[in-house]
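# Overview (structure and organization)
What follows is each chain in one-letter form.
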Amino acid sequence: MPKSEEKYQFKAEINQLLDILVHSLYTNREIFLRELVSNASDALDKARVAASQQDDSSSLLAPEIRITLDKEKKLLTVTDSGIGMTRDELIRNLGTIAHSGTADFLRQAAESKESLDGLIGRFGVGFYSVYMVAKEVVVRSRSIQKDAPALEWRSDGQGAYEIRALDEDLPHGVSVEVHLKDDLSRDFAEPDAVKDIVKRHSNFISFPIFVGEERVNTVSALWREPKFNVKKEQYAEFYTFLTHDSEAPFETLHVTVDAPVQFASLMFVPKKEWDVFGMNRENWGLDLYVRRVLIKHQDKDLLPQYLSFVKGVVDTEDLPLNISRETLQENLVLKKIASTLTKQVLSHLEKVAIDDGARYNEFWAEHAKVFKLGYSDYANREKFAALTRFNSSIHEDATGLTSLDEYISRVKEGQKQVFYAFGPSREAVRLNPHLEIFRRKGLEVLYLYEPIDEFVMDSIRSHKEFEIKAAEHVQPADLEAYPDLEEAKTDKPEAMNEEDTRDFDGLLTQMKAILGDRVTEVKTSKRLSDSPCCLVNPDGHTTSSMDKIMRVITKDASIPKKVLEVNPDHALLRNLLAVYKKNPQDEFLGLSTEQLFESALLLEGYLNDPHALVGRIQDLLTRAGGWYVEREGK
Ligand code: ADP
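Residues numbered from 1 in each chain as written. Predicted model: local features only at pLDDT ≥ 70, side-chain atom pairs only at ≥ 80, totals over all residues. Heavy atoms only, no water.

### Digging into the environment of Asp-70
The test is simple: Under the DSSP-based scheme used, a helix requires at least four consecutive residues in state H or I and a strand at least two consecutive residues in state E, with every element numbered from the N terminus. Note on classification: 1.4 Å probe, protein chains only; a residue is buried when its accessible area is under 20% of the maximum for its type, exposed when over 50%, partly exposed between these limits. Whether two residues are in contact is decided by their heavy atoms, any of which lying within 4.5 Å being enough. Here a polar contact is recorded for every N or O atom pair within 3.5 Å, except that within protein the pair must consist of a potential hydrogen donor and a potential acceptor, and residues adjacent in sequence are included only if both atoms are side-chain atoms.
Tracing the backbone through its elements, the reader meets Asp-70 in strand β2 (residues 65–70). Note on Asp-70: relative accessible area 25%, which makes it partly exposed. Spatially, the C-alpha atom of Asp-70 lies 25 Å from that of Leu-44, the residues being 26 residues apart in sequence. Excluding its chain neighbours within four sequence positions, the residues that come into contact with Asp-70 are Leu-75 and Ala-189. In this structure the side chain of Asp-70 is engaged in a polar contact, spanning 3.1 Å, whose partner is the backbone nitrogen of Lys-73.

### Quick look at the packing of helix α17 (residues 498–515) against helix α19 (residues 571–582)
We count it as follows: Inter-axis angles, ranging from 0 to 180 degrees, are taken between N-to-C directions of lines fitted to C-alpha atoms, where helices are fitted over the stretch in contact. Reported orientations rely on four angle classes, namely roughly parallel under 35 degrees, roughly antiparallel over 145, roughly perpendicular from 65 to 115, and oblique for the rest. Residue classes follow a fixed rule: Ala, Val, Leu, Ile, Met, Phe, Trp, Tyr, Cys and Pro count as nonpolar, while Asp, Glu, Lys and Arg count as charged, and any other residue, Gly among them, counts as polar.
Close contact between α17 and α19 brings their axes to 10 Å; oriented N to C, the two are set at 90 degrees. By the angle class used here, α17 and α19 are roughly perpendicular. Side by side, α17 and α19 meet where Glu-499, Asp-500, Asp-503, Phe-504, Gly-506, Leu-507 and Gln-510 of the first sit next to Leu-573, Leu-576, Leu-577, Tyr-580 and Lys-581 of the second. Its residues assigned to classes, the contact of α17 with α19 comprises six nonpolar, two polar and four charged.

### Some words on the pattern of salt bridges
In plain terms, the rule: Salt bridges are defined by distance alone: a side-chain nitrogen of Lys or Arg within 4 Å of a carboxyl oxygen of Asp or Glu.
Taken as a whole and assessed by the stated rule, the structure comprises 38 salt bridges. Of the charged contacts in the structure, one is a salt bridge between Glu-152 and Arg-140, with a shortest N-O distance of 3.1 Å. One end of the pair, Glu-152, is in strand β5 (residues 150–155); the other, Arg-140, is in strand β4 (residues 134–142), with twelve residues separating them in the sequence. The exposure classification of Glu-152 matches that of Arg-140, with both residues buried. Among the salt bridges present, the one from Arg-154 reaches Glu-152, with a minimum N-O distance of 3.3 Å. For Arg-154, a relative accessible area of 27% puts it in the partly exposed group. A relative accessible area of 3% places Glu-152 in the buried class.

### Comments concerning helix α8 (residues 232–243)
Stated formally: What a helix is expected to span follows from its residue count: subtract one and scale by 1.5 Å. In this description, the arc belongs to the directions extending from the helix axis to the C-beta atoms.
Across its twelve residues, α8 extends 17 Å between first and last C-alpha, which sits within 8% of the 16 Å expected from 1.5 Å per residue. Listing the buried residues of α8 in full gives Tyr-235, Phe-238, Tyr-239 and Thr-243. End-on, the buried residues of α8 take up no more than an arc of 110 degrees, which puts them together on one face. At its buried positions, α8 is contacted by β10 (251–257), β11 (263–269) and β14 (311–316).

### Notes on the domain arrangement of the chain
Basically, it comes down to this: For the domains described, the bounds stem from an automatic or database domain assignment. A simple way to read buried area is as the amount of 1.4 Å-probe accessible surface that goes missing from two parts once joined, with both sides added.
The domains assigned to the chain are domain 1 (5–215), domain 2 (222–357), domain 3 (388–488) and domain 4 (498–633). Distance from the C-alpha centre of domain 1 to the C-alpha centre of domain 2: 28 Å. Carbon and sulfur atoms make up 56% of the surface buried where domain 1 meets domain 2, a total of about 1300 Å² over both sides. Linking domain 1 with domain 2 are zero salt bridges, by the criterion used here. Put simply, domain 1 and domain 2 have two residue pairs in polar contact (both at pLDDT 80 or more) between them. Put simply, the parts of the chain that give the side of domain 1 that touches domain 2 at least two residues each are α2 (31–53), α4 (100–111), α5 (116–123) and α7 (191–202). In terms of residue count, α2 provides more of the side of domain 1 that touches domain 2 than any other element does, four residues in total. Considering only residue class, the side of domain 1 that touches domain 2 consists of three nonpolar, six polar and seven charged.

### So, the side chain of Arg-527
Locating Arg-527 in the fold gives a position in the loop between β20 (519–524) and β21 (533–536). Separated by 3.0 Å, the side chains of Arg-527 and Glu-565 make a polar contact. Once residues within four sequence positions are removed from consideration, Arg-527 is found in contact with Pro-433, His-434, Glu-436, Ile-437, Arg-440, Glu-472, Val-474, Gln-475, Pro-476, Cys-534, Val-536 and Glu-565.

### Things to note about the packing of aromatic side chains
To keep things clear, this is the line we draw: Classification of ring pairs rests on two measures: the distance between centres of Phe, Tyr or Trp rings, Trp counted by its six-membered ring, which must be within 6.5 Å, and the angle between planes, read as stacked under 30 degrees, edge-to-face over 60 and tilted in between.
Across all of its chains, the model carries 25 aromatic pairs by this definition. Ring centres of Trp-153 and Tyr-161 lie 5.6 Å apart, and the angle between their planes is 25 degrees; on these two criteria the pair is classed as stacked. In this structure Tyr-161 comes out as buried when scored by relative accessible area, which is 3%. Ring geometry for Phe-363 against Phe-371: centres 6.0 Å apart, planes inclined by 75 degrees, an arrangement best described as edge-to-face.

### Description of the sheet that holds β11
How we decide: Strand pairing requires that DSSP identify at least two bridges connecting the strands.
Ordered in space as β10-β11-β14-β12-β13, the five strands form an open sheet in which the pairing is mixed. At either margin of the open sheet sits one strand with a lone partner, and together these are β10 and β13 (293–299). Between one strand and the next, the sheet's axes are offset by a mean angle of 15 degrees, whatever the strand orientation. In this structure, β10 lies alongside β11, joined through seven bridges in antiparallel fashion.

Next up, the structure:
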């Protein structure tokens, strides 16, 4: 071993990764070239930025990527005139996990049932993918830094690598020499085959790529082309280049704006939400170009987070090329671009919704989770509100969706509100006693199933002069204008006579005495038709589900005090009245009142300890069983 040569071990995760790559039967191995070319392109970007910061571009070589092939030697080499790497950087970047997606790749490879093939294709897995085709790789590098030495890194991908200083000098940049596995030279050392691969995966790289002497990539800056010049396939091709998504985009937006700022943008809405596990939250943002030069990858200030499912690029003439990445965030031009882009995306979605509601619902099903975060975008509240969708009482099942505008088109005469109710499922919402009065009067109620939906409703507040209102905050008196539906009028028991009414008041007083200060009041309800009782918020501000969220946040485990409303027409209450009339102190009243109260708590999700409730149910069942046997003479 020459004196300057040193041997290093790969970090454990890299060995794990290499092991997966070398042994996978992945058929689409050609993506290794996409990864090498994309690394070269990044390095060229970095070289330009470094030179512009030092105000010294005199020694900068022309930016280009060259691929040379030697069939005899089974050799493919990718050379760039980019930023290069120092010894430390070689160790850090090619010996430890640098590629941000690699850790995710390994995690998903271990956890998910998705085939390795799909994962390799989607993640790319960076430099190391070269070992799918190489038996040895030699990287020669000289950093653009002043007086940096020329170095050679070499490894067969079997646990270790070596670095040595070279005697000869090198231009700044990197060359990656790929010694192909024996059976692969036909695929990756033939000029025509390699040109095809470059065209397929790297056509949109903004630096020239040569295979031999021929420049291969022809299309750059598709977004700068006039729309009528661009074919649908070209958009799709660019989308694949940008995202590696195997499916075509759901929507494509090609936008050119001249005022108040000049920019062109090409944006896509993917068919599928990728980050279903929420593990890759930072992987979003549009690529920002200034005059066709990439300034920032995944800029997160160009679109708000709730539109983070949008992929694409923005290119402006109104920023200086040497703008530093740090000051970008504060930049006014950028802010104007961002607000224009946001409006463009929202208008586009609006158009999709108008043109084809069912298609818009497909979008909603995929991206609503992220999109709903838009409740905090006050500047675009109206547009956002019009784009939300909810399940409703008019639907057959939980898959139906309606917009606020559709709801409004169906309101009853004089109705100035949009009503909603929250619950973990359609079944749960339908059991909510607060909604009985709405059903009785045929008033539509939107059903909300996710906690964020309530924040959405809270911040929308009103839509086209219709107040958005939680059903549980509605006072029955406010609904008096709407008559009960004919079919709801049946099955009512006879009205109480004067004496009964007086005794019923007595019963309520007795029930309040039994419950003490666990409730603020026990009173007759006008909202119930099927349930014997329900709990109502005395303040009427937060909904019970919102209140629950707040209690989790503030770690408050106490049970809130509410009003217990009872249904005087319910058989259960009429029975209690009969018992009360015979003996106001009957212990059955205590048992039943406790039971009613705790069942209501249970429905509202506040019952912390169900033991007493269960004990009482068993007690009541035992007695009921006894009475049943007696009555039926069994
Ligand atoms: P990624 O490119 O996603 O970061 P890679 O495994 O492909 O992951 O590369 C790891 C790192 O090695 C890169 O981030 C970069 O710093 C460095 N690198 C790779 N190729 C080059 C190159 N051609 N020139 C300069 N640096 C490079």
